[in-house]
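# A structural walkthrough
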Amino acid sequence: MSKIKIMDEILANKIAAGEVVERCASVVKELVENSIDAKSSEIKIELKEAGTSLIKVTDNGIGMDKEDAILSFNRHATSKIKDESDLYNINTLGFRGEALASIASVSNVILKTSQGDVGTLVNIKGGKIVKVENTEARKGTIFEVTELFYNTPARLKHLKSLYTELSSITDYVNKIALSHPEIRFTLINNGNTILKTDGTNNLLKTISSIYGMDVARKMLEINNEDNDYIINGYISLPEVNRAGRNHIITLVNGRVVRNQELNKTINDSYHSYKPDNRYPIVVINIELDPSLVDVNIHPTKMDIKFSKLEELLDLVKKTIINKLNKQTLIPVIEQPINDFDEPVVLEKTIETKIELIDSNEVLPKTEKPKYEEITLKFDEIKEEEAKYEERLPLLYPVGLVHGTYIVCQNEVGMYLIDQHAAKERINYELFLDRLSNPTKDKIPLLLPLTIELSNNEYIILKENFDFLNSMGFDIEEFGINSVIIKSHPIWLTKGFEDLQIKKIIEAVINKEKNFDLSKFNDHLSATLACKASIKANTNLSINEMEELINDLRKCHNPFNCPHGRPTVITFTKYELEKMFKRSGFESLK
Ligand code: ZN
Ligand code: ZN
């Protein structure tokens, strides 16, 4: 390969760079994927100023000889794609040959590489080879990229804040670490370690390095397969959720991909276990025959189409729902271990952990994870699943606080039940059952109910008389833009009939164009349940509380109201003792 030919390509490279190398994260991505292709078991990424002044990637891979080292910067050089059909086989990582050339065209790159004997150093700046010489024989490759975008000022201006650059690099490295738990990754910025994984091929440990032990302890392992797909990975308990959907990570044959339907299905599988606008932490690996996917190869993203999508979505949904349905999902109010010696204010503790629902995004962790601790505790995690035969344990009510929370106890600890949320769950499951299995049983109204509507609403409602009849309503026209209702379904709540009828009429009028009966029923059940449920500040007798708890225990999901709020939280005896610093605790320490 002559220098002249490479120089001919400088312009083309700069153009391509615009597409491939947009941000510091794209440089990191290209270099890391090269290291993975080189069969590295250890990859270290060092940044200065979030990569704007230095990106250095060091690996212990197979390295290159002198000829390949120089060739690697040629735009069309690639050892990775042998023919067209390889483009569709996403087992191959770096399928584009132009990435290194593009990076070198807009920065100053020093490449040091060796296959174990005399190493090669190549220095390229702005696409021109500045220097090629022999260097030390450390097996592997080191890429140092400085002065990024020095000759493309527009691109340089385009860079976001250092924080944004760093967070997108962190996001990328997290994902690649999750897809390669067998590789030891280190990410450092300005001397601070942001991520360090141990490369022992333990996905849960990798999750722990990224999200911390608290989250890792609340991850459930999943495994399932059908004729075409094998899925495995970890899903978070519903109480662990985030404001963004960025923590749903899907891998196909070990490669991070994006597929909206898949993400949506994963989130939908948690429906009513958590608020729909909060997202779980999920890492799912899908193994399949590469011929079943179609990859849209855009340099900066990885969209994927599955040829048997419905089947895959079914499998994923079934697997997650089955897993969640077997768990006891009562958030435990814990005191952070580190704060043990400080005086503990009860309210404060509740606040810190109850933000389970409201906490903001977790920023990249900068402190070093504690490895000794992780290895000690890890084997215990799996055992913690399925501890209870009954999903909601037996609870004995002792009183009511603020007319809102039922205080209960059993041998394990103290529980608080939000009576509105609990009643809402019970009603919701009742209504959903009745709506999904409609009968013609109805109750005549002593005083028929007339409802006046706007002309528009009236027209829509008239079209839905059959639908309402099938639910158990007797509904007829009654003068101009009015209807009269003479009987209603048997399952409406006593005392709330008129209100609920109006809510149902309203829901029918506002039915969406692409009407989905099960979604409609689900939404209507939640609305009716909220209206029919005890308002806070209603004093229940102990008998009524017992009845409520019994009904709750019969629920399919006793742990959340239909909107995903928790119905019950617990303070274990252990946590209570810890908080009161009782003597028994000393020996536990
Ligand atoms: Zn409500
Ligand atoms: Zn609710």
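Residue numbers run consecutively from 1 along every chain, following the written order of its sequence. Key to labels: chains lettered from A, ligands numbered from 1, both in the order written. Two thresholds apply to this predicted model, a pLDDT of at least 70 for residue-level local features and 80 or more for giving and counting side-chain atom pairs, whereas whole-chain, interface and lining totals are computed over all residues. Hydrogen atoms and water are omitted, and side-chain values are computed over all heavy atoms in the structure.

## Observations concerning the pairing of strand 5 (residues 128-135)
Where strand 4 (residues 119-125) meets strand 5, 7 bridges bridge the pair, whose relative direction is antiparallel. By the bridge assignment, V122 is partnered in strand 5 with V132. Two strands are counted as paired when DSSP detects at least two bridges linking them. Note on conventions: DSSP H or I runs of at least 4 residues are helices, E runs of at least 2 residues are strands, and numbering of each starts at the N terminus. Here strand 4 hands over to strand 5 after 2 residues, with G126 in that stretch at a positive phi of 60 degrees.

## Description of the coordination of the zinc ion (ligand 1)
With water omitted from the atoms examined, metal sites may look incomplete; donors here are N, O and S atoms no farther than 2.8 Å from the metal, or 3.2 Å in the case of Na, K and Ca. At this site the zinc ion (ligand 1) is bound by H420 (NE2), E424 (OE) and C530 (SG), with donor distances of 2.0 to 2.4 Å. Metal-to-metal, the separation of the zinc ion (ligand 1) and the zinc ion (ligand 2) is 3.9 Å; E424 coordinates the two. One end of the pair, H420, is in helix 14 (residues 419-436); the other, C530, is in helix 18 (residues 517-532), with 110 residues separating them in the sequence. Classification of C530 as partly exposed rests on a relative accessible area of 26%. Categorising residues by exposure relies on relative accessible area from a 1.4 Å probe, with only protein chains included: less than 20% of the type maximum marks a residue as buried, more than 50% marks it as exposed, and the intermediate range marks it as partly exposed.

## Points about the coordination of the zinc ion (ligand 2)
Coordination of the zinc ion (ligand 2) by the protein involves E424 (OE), C561 (SG) and H563 (ND1), with metal-donor separations of 2.0 to 2.4 Å. Read in sequence order, the donor residues coordinating the zinc ion (ligand 2) give the pattern E-x136-C-x1-H. Taking the relative accessible area as the measure of exposure, H563 reaches 40% and is therefore partly exposed.

## Observations concerning the confidence of the model for the protein
Think of pLDDT as the predictor's per-residue confidence, scored from 0 to 100. Within the protein, residue pLDDT values average 81, and 80% of them lie at 70 or more. A contact between two residues is defined here by any heavy atoms of the two lying within 4.5 Å. Long-range and interchain partners of residues 1-7, a stretch whose pLDDT sits below 50, account for 6 contacts in this model, where long-range means more than four residues apart. Under a pLDDT of 50 for its full length, residues 338-389 has, in the predicted model, 78 contacts with residues more than four places off or in other chains.

## Observations concerning helix 7 (residues 162-179)
Given a helix with a known number of residues, its expected span is that number minus one, times 1.5 Å. Here helix 7 is 18 residues long and its end C-alpha atoms lie 26 Å apart, about the 26 Å a rise of 1.5 Å per residue gives. If you check which residues of helix 7 are buried, you get E165, L166, I169, T170, Y172, V173, N174, K175, I176, A177, L178 and S179.

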